[in-house]
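For reference, the chains in residue letters:
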Amino acid sequence: MTNLLRSTANPAGGHGGGVRGDNMPRRSSLFEGRFGRMFRELPPAAWPATALRALGEAMTAEPERDPLDPTKPFAAPETDDIVQDPEENPGLPAGYTYFGQFVDHDITFDPASVMQKINDPDALVDFRTPRLDLDSMYGRGPDDQPYLFDGKKFRLGRDLTELNVPSPRKDLPRYIDVQDPEAPHRALIGDKRNDENVIVAQLHASMLQFHNKLVDEYPSASFADVQQQVRWHYQWLVINDFLVRICGKDLIDDILPGRGEALPTQQQKPKLGFYHHKNAPFMPIEFSVAAYRFGHSMVRPIYRLNTRLDGGDDVRAATADERRRGLDGRFFIFAGVQRRGLNGFDSFPSPWAIDWSLYFDRTGQVPVGGKKRVQPSYKFDTSLVNPLGFLPEFSKRGVDEPPLTIDHLQAAPARPTRDPANLAVRNLLRGMALELPSGQAVADAMGIPRIPDERLWVGKAAADEERKPLTEIHESFANNAPLWYYILAESQEDWTADGDDTATMHLGPVGGRIVAETLIGMIAGDGASYLAQSPNWEPTVHGRRLATVGDLLAFADE
């Protein structure tokens, strides 16, 4: 098989079962394990829980309201402009939000809740090394989970359409309980979290289709050969597409100075300043609980799935008023009313096929505006969109009584004290529970100048938006910002200081370095990865180069 090397990894793949390693003892005597610390000597930061809750609420934006009727939801209209909303991050397509989520689900898994984490110190023992090996797709392999597979291929779900027009998109395979057909139709996949919203569910399905496409392209290849190639394409895209867009080309070239050049292997070693392991890669808490949660700020409040959908409260057709408010054919990422949100963990309407050209650009693509544009992600800033204030898993459903108002679309928390439904609050409380250091302490340890308190803002990185200093939220934040917050504020500060509001926003030097070194270090430390086995490998199929996520998804659709 041309350009395919047999993997040395176990074809059954996967980490066996759920990993619960980030609830480690607070100052573990072990240097490494499944989870560890990048900055082991830094003291933990602490704040009153009420201060963290107040900050989380302040970081959650108010719903977008119709200027003519503030009880109704509103969205920026779909004009001929490429950037249609001042909160959009030009040059960073919205699909990378969910590709980043897909990566996260590949390298971390902890089924315990926030409150359980600090009560499980033995969870550090006996975990597999983190690898970008797609165990979220492959699970434990066809021998142990045969229901995921059909020979060398993955099983796929029902056909999806763009309204009534055929689409190459497939749903995930799902289980329908014959004893309770009304129960949620749960996805039969390697990691249930890749069904938590409609976008990541269809991305997972498209990755299954990419595997199946390679089986067709190379019919004599073994399952293990194809699996290795899928992994290598994925790892290459994480470094050369995803990280370049998120952290900036200069930082990635600094870590991998030989990137893209056909150099001898000894000149391809990553230059890692802070991510170090002895025997096997580990997952830094600073990455998993703080830095990598940058993606939460990228989430848009509303998305277009395809250009055929045109409904509103009535799925068949939007009203003139809904068109004026920019809601026709678009869906909120989460909503208290299921049919207006992209909530997951169940079947969704078959006409909701995603057109990936609205989420990812392709090599050589010319940008366009209107409904056919590539929707940008939101900026890395200290403001999360309103729907992330009521995560469906921790909220009660709203009342479905059209015409739907903002009150209908909001969902109330089911257990507000025990399980906050607000994502920002959950992130902040989890960071303190795991005794992360402050953002300023990490900046000092990295030799990067601190951002002064008067430049640490809470609010959107958009002109004319109201923001307030962090220390106005609570005095305990003076010179003591939560690490997750600080990384978002750093990106916001760097972009604002640059003075070009048309430039793509990247992570700053603290957040970017933690994210890039962790992912590159894990790939380089995996003996089965392309960096370890063939660092000059190129992502081609029969000579066709798949240089971006958009290129790969377009190939899988053919």
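Everything numeric in this text was worked out from a predicted model, so none of it was measured.

Draft legend 1. The arrangement of the pairing of strand 6 (residues 165-170) in detail. In this structure, strand 5 (residues 159-162) lies alongside strand 6, joined through three bridges in antiparallel fashion. Bridging from a neighbouring strand, Asp159 pairs with Lys170 of strand 6. Hairpin remark: strand 5 followed by strand 6, antiparallel, with two residues in the connecting loop; positive phi at Leu163, about 60°.

Draft legend 2. Structural detail: the packing of aromatic side chains. The final tally for this structure, using the stated rule, is 23 aromatic pairs. Ring plane angle 50° and centroid distance 6.0 Å describe the contact between Tyr530 and Trp537, whose orientation is recorded as tilted. Chaining the aromatic ring pairs together yields one cluster made of Tyr96, Tyr98, Tyr303, Trp356, Tyr359 and Phe360. Residue placement shows Arg300 over the ring face of Tyr303; its charged tip is 5.9 Å from the ring centre. Here the basic side chain of Arg467 rests over the ring of Trp457, its NZ or CZ set 5.1 Å away from the ring centre.

Draft legend 3. Summary view of the pattern of salt bridges. Scanning the entire structure with this criterion turns up 38 salt bridges. For Lys249, the salt bridge is made with Asp253, and the minimal N-O distance between the two is 2.6 Å. Separated by four residues within a single helix, Lys249 and Asp253 lie in helix 7 (residues 249-255), roughly one turn from each other. For Asp253, a relative accessible area of 23% corresponds to the partly exposed category. Where Arg544 meets Glu558, a salt bridge forms, and the shortest distance between an N and an O atom there is 2.7 Å. Placement of Arg544 in strand 16 (residues 544-545) and of Glu558 in the segment after helix 17 (549-557) is noted, with a sequence separation of 14 residues between them.

Conventions we followed
Residues numbered from 1 in each chain as written. Predicted model: local features only at pLDDT ≥ 70, side-chain atom pairs only at ≥ 80, totals over all residues. Heavy atoms only, no water. Pairing = 2+ DSSP bridges. Helix = DSSP H or I, 4+ residues; strand = E, 2+ residues; numbered from the N terminus. Phe/Tyr/Trp six-rings, centres within 6.5 Å; stacked < 30°, edge-to-face > 60°. Lys NZ or Arg CZ within 6 Å of the ring centre and 35° of its normal. Salt bridge = Lys/Arg side-chain N within 4 Å of Asp/Glu carboxyl O. Buried < 20%, exposed > 50% of the residue type's maximum accessible area, 1.4 Å probe, protein only.

Honestly, that's just the spatial picture; any functional story needs more than this.
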